[in-house]
Amino acid sequence: MKDTSLKGKAASGFVWMTGERLGNMLGDFIISVFLARLLAPSEFGLIAMVGVFIAFLSPFVDAGLGSALMRKKDATAADYATVFWSNVALSSATYLVIFLCAPLVAGFYGEPALTQIVRVLGLVLIVNSLNIVQNIRLAKALDFRSISFRSLTSNIISGAVGLYLAYSGWSYWALVVRQLVNAVIATVLYWSLGAWLPSLRFSKDSFKDFFGFGSKLLLSSLLNTGFGNLYPLMIGKFYAASSLGYYNRAVTLKDIPQTLISQVTGKVSYPVLVELQDSPPKLKDACRRLMQVISFVYFPMLMGLMGISESLVLVLLTEKWAEAIPMLKALTFVGLLYPIHSLNLNILTLKKRSDLFLYLEIFKKALTVIAVLITFRWGIMGLIYGQVAQSFLSLLINTHYSNKFIGYSMTQQLKDILPNFVAALSMGLLVMWGSEALGIYTWWGLLLWPSLGTLFYLAVSAAFNRKDLLYLYNFSMQRYRLGRT
C-alpha cells in the first residue's frame, strides 16, 4: 500500500513538475517577446553582463549543502536549521562581495551603469537563499504541486510587473525589478503557505558532514558555470552591449527546443537504460533506438527554427533585433547534437565511470578556451562557428567510450542519425528559402511555414525512413494505452 502511494505521488509529481517547466517556459517566452519589443538590445545586453557575474557567484549561496540535505533520508530538525542558517550566512557574505566588486564589474565592461544594477540584482541571491530549505522539504515530501504553484505564480506576477515597468519607461530597470519581484513573491509564498520554521540551532557536525559532500558539487558547479558563461563574458567585454543583447536573445530562442527535448528524453530514457546496463548488446540496441527516435523528433525542431529565424525575429521581436537573425541560424547547429552528447555521456554514468566523465568535461572545457582564443578575432559569428566546430569535435570524443563499453561507434551513430538530419536540413532550407524569397513576414507566416515544413518532413520520412516514424507512433500508442489502464 505504501509503495503504491509512493508511486502515485511520484507520478503526480512528474506531471506537476513537467507542467511547471512547460508553463514557465511558455510564460517566459511570451513575456520576453513583449519585453524585447519594448526595450532596446543594449538594455538586454547590460543585464546579460551582470548575469555572468551573478551566475558565477550563485553557487556559493548554497555551496552544495542543499543537495547534501536532499539526499539524507533521516534528516533531523537540526540538519534543516543548520542548512538554512548556513545559506543565509553564505548568501549575505556573497552579496557583500557583490556590493564591493560592483565598481570593478562596471570598469571591466566599461559600463558605469552596471555598478547600481549589480548591487540591486545581487539582492536576489539573499532572497532566494531563504527558499532553499523550504523547497527541499516540499521535494522530499513529493509535494511538487506546491512547488509548481509557487513557481508559476511568482513568474506570472513578476512578468506582469516587468512588462508594466518597461511600458512605463523604466528601461533596463524593468528587467532588474522583474527578477527581484520574482524572488520576493516566491519567498512570501513559501513562508506564508509553509508550515516549517527554522529553529535557532546550528550543528557543527551537520555542517561538516554536508559541506564534505557539497564542496565537491560546489567545485563542479563553479567549473560548469564559469565555462558556460565564457562566451557572454567575451562578447560583453570586447563588443557593444547591444551585441550581447542580440546574442542573448538568439541563445534564448535556441534553448527552447533544446531544454524541452532534454527534460522529456531525460525522464524517459535514463530509467530504460538503467534496466539494461548489465547487458551491453541490449544496451546498445536501446541506445540505437533512442538515438534514432530523438534525432527524428529533435532535428526538425532545430532545423525548422533555422528556417523560420528571420520571420520569427522580425515578427515577434521587430526589426530592431534583425542582427540576431544570423546568430540564431548558426546557433541552431551549436545545439543540434546536444541530446546526442547527453546520451553518450549517460553510458559513462551507467558504467559507473564518473572518473572518465570528469576527464572528458575537463578536456572539453580546455577545448572551449582554445576555441574562444582562436575565433574571437573574427567577431561574434566567428565565436559561434567555433562553438559549432567544438560540438562536432566533442562528438568524436564522447563516442570513443561508447564504442569501448558497448560497441556503439561514431560511424554507427552517424549512420543512425544521418537520414533524419538530411530530411530535417532539407526541410529547414526549404522553409528558409520559401519564407525569405517571398519576403513577407507576418503572423500567419509563422503558422504557415512550420506547418508546411512539418508536412514535408513527415512525407520525406514516410518515403525514405518509415521505421522511425512507425516506431514513434507505436510507442505513443503504447504509452496512451498504459495511461488508460
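As annotated in an unreviewed UniProt entry, the protein carries the name Lipopolysaccharide biosynthesis protein and is attributed to Pontibacter toksunensis. On record in UniProt, under Sequence similarities (unreviewed entry), the comment for the protein is "Belongs to the polysaccharide synthase family."

### Examining the overall build of the protein
Counting its secondary structure elements, the protein contains 22 helices and zero strands. A total of 485 residues make up the protein; the buried ones form 47% of that total. A fraction of 82% describes how many contacts in the protein between residues 6 or more apart in sequence connect residues 24 or more apart.

### A closer look at the confidence of the model for the protein
Parts of the model with low pLDDT should not have their predicted coordinates read in detail. Here the protein averages 83 in pLDDT, while 86% of its residues score no lower than 70. Throughout residues 477-483 the model reports pLDDT below 50, and contacts reaching past four residues in sequence, or to other chains, amount to zero contacts.

### Quick look at the packing of aromatic side chains
Overall, the coordinates contain 11 aromatic pairs when judged by the stated rule. Taking 5.4 Å as the distance between ring centres and 40 degrees as the angle between the ring planes, the aromatic pair formed by Phe296 and Tyr457 counts as tilted. Taken together, the residues Phe296 in helix α14 (residues 280-307) and Tyr457 in helix α21 (residues 443-464) connect sequence positions 161 residues apart. Tyr457 shares its class with Phe296; the two are buried.

### A look at the packing of helix α5 (residues 77-109) against helix α8 (residues 132-140)
Running from N to C, α5 and α8 point in directions that differ by 145 degrees, and their axes come no closer than 9 Å. Of the residues in α8, those in contact with Tyr80, Val83, Phe84 and Asn87 of α5 are Ile132, Val133, Arg137 and Lys140.

### Looking at the nonpolar core
Core analysis: the largest hydrophobic core is formed by 79 residues, its most contacted members being Leu114, Tyr247, Leu317 and Ile384. In terms of residue count, the dominant contributor to this core is helix α2 (residues 41-57) (10 residues). Counting residues in hydrophobic clusters, the runner-up holds 31 residues, among them Leu273, Leu290, Met303 and Leu343.

### With respect to unusual backbone geometry
Its identity as a non-glycine residue notwithstanding, Ser171 has a phi of 55 degrees, on the positive side. Residues other than glycine seldom take positive phi values, yet Thr318 does so here, at roughly 80 degrees. Mapped onto the secondary structure, Thr318 falls in the loop between α15 (309-317) and α16 (324-334). With relative accessibility at 21%, the residue Thr318 sits in the partly exposed group.

### Things to note about the pattern of salt bridges
Where charged atoms of side chains with opposite charge meet at close range, the side chains can pair. For the coordinates displayed, the defined rule picks out four salt bridges. The salt bridge involving Asp28 is made with Arg178; its shortest N-O contact spans 2.9 Å. Residue Asp28 is located in helix α1 (residues 2-38), and its partner Arg178 is located in helix α10 (residues 173-193); the two are separated by 150 residues in the primary sequence. Taking relative accessible area as the criterion, Asp28 reaches 32% and is therefore assigned partly exposed. Among the ionic pairs, Arg288 bridges to Asp416, the shortest N-O distance being 2.7 Å. Of the two residues, Arg288 sits in helix α14 while Asp416 sits in helix α20 (residues 410-438), which places them 128 residues apart along the sequence. Here Asp416 falls in the buried class, since its relative accessible area comes to 7%.

### Looking at the side chain of Ser86
Mapped onto the elements of the fold, Ser86 is located in helix α5. Residue classification places Ser86 among the buried positions, given a relative accessible area of 5%. Apart from residues no more than four positions distant in its own chain, Ser86 is found in contact with Leu65, Phe202 and Phe207.

### Comments concerning helix α9 (residues 144-167)
Its 24 residues give α9 an end-to-end C-alpha distance of 34 Å, which sits within 8% of 34 Å, the value for a rise of 1.5 Å per residue. Looking at α9, one finds that the buried residues are Phe144, Ser146, Ile147, Ser148, Arg150, Ser154, Asn155, Ser158, Gly159, Gly162, Leu165 and Ala166. In the stretch just after α9, Gly169 is the one whose phi turns positive, near 90 degrees.

### A word on α14
For an α-helix, 3.6 residues make a turn, and residues three or four places apart therefore share a direction. With 28 residues, α14 extends 39 Å from end C-alpha to end C-alpha; this agrees with the ideal 40 Å at 1.5 Å per step. Most pronounced at Ser295, the bend in α14 amounts to some 30 degrees. Within α14, 20 of the 28 residues are buried, which leaves it mostly tucked inside the rest of the structure.

### A closer look at a nonpolar patch on the surface
A contiguous nonpolar patch, built from Leu438, Ile440, Trp444, Leu448, Leu452 and Leu455 and spanning about 620 Å² of accessible area, is present on the exposed surface. Take the nonpolar patch: its biggest share by element is four residues, from α21. Topologically, Leu455 is positioned in helix α21. Look at Leu455 and you get exposed, because its relative accessible area is 59%.

### As for the environment of Val388
Structurally, Val388 can be placed in helix α19 (residues 379-406). Spatially, the C-alpha atom of Val388 lies 7.9 Å from that of Ala330, the residues being 58 residues apart in sequence. Apart from residues lying up to four places away in sequence, Val388 is in contact with Ala330, Phe333 and Val334.

### Regarding the packing of α15 against α16
Remark: α15 packs on α16, axes separated minimally by 9 Å, with the N-to-C direction vectors making an angle of 140 degrees. Classified by the angle between their axes, α15 and α16 sit oblique to one another. Judged by the sense of rotation from one axis to the other, the crossing of α15 with α16 is right-handed. Contacts between α15 and α16 involve Ser309, Glu310, Leu312, Val313 and Leu314 from the former and Ile325, Leu328 and Lys329 from the latter. Each residue belonging to the contact of α15 with α16 can be placed in one class, and the counts come to five nonpolar, one polar and two charged.

### Some thoughts on the environment of Phe60
With respect to the element layout, Phe60 can be found in helix α3 (residues 59-62). Sequence separation between Phe60 and Ser221 is 161 residues; the distance between their C-alpha atoms is 9.4 Å. Residue contacts for Phe60: discarding those within four places in its chain leaves Leu90, Thr94, Leu218 and Leu222.

Cut-offs used in this document
- Residues numbered from 1 in each chain as written.
- Predicted model: local features only at pLDDT ≥ 70, side-chain atom pairs only at ≥ 80, totals over all residues.
- Heavy atoms only, no water.
- UniProt positions renumbered as here; feature names shortened; annotations may be inferred.
- Helix = DSSP H or I, 4+ residues; strand = E, 2+ residues; numbered from the N terminus.
- Buried < 20%, exposed > 50% of the residue type's maximum accessible area, 1.4 Å probe, protein only.
- Contact = heavy atoms within 4.5 Å.
- pLDDT = per-residue confidence, 0-100.
- Phe/Tyr/Trp six-rings, centres within 6.5 Å; stacked < 30°, edge-to-face > 60°.
- Axes fitted to C-alpha atoms, helices over the stretch in contact; angles between N-to-C directions.
- Core = buried A, V, L, I, M, F, W, Y, C linked by side-chain atoms within 4.5 Å.
- Salt bridge = Lys/Arg side-chain N within 4 Å of Asp/Glu carboxyl O.
- Expected span 1.5 Å × (residues − 1).
- Bend = angle between axes of the 7 residues up to and from the residue.
- Patch = residues over 30% accessible without salt bridge, like charges linked within 9 Å, V, L, I, M, F, W, Y side chains within 5 Å.
- Areas by Shrake-Rupley, 256 points an atom, 1.4 Å probe, with all protein chains shown as cover.
- Parallel < 35°, antiparallel > 145°, perpendicular 65-115°, else oblique.
- Left-handed = near helix turned anticlockwise from the far one by under 90°.
- Nonpolar A, V, L, I, M, F, W, Y, C, P; charged D, E, K, R; others polar.

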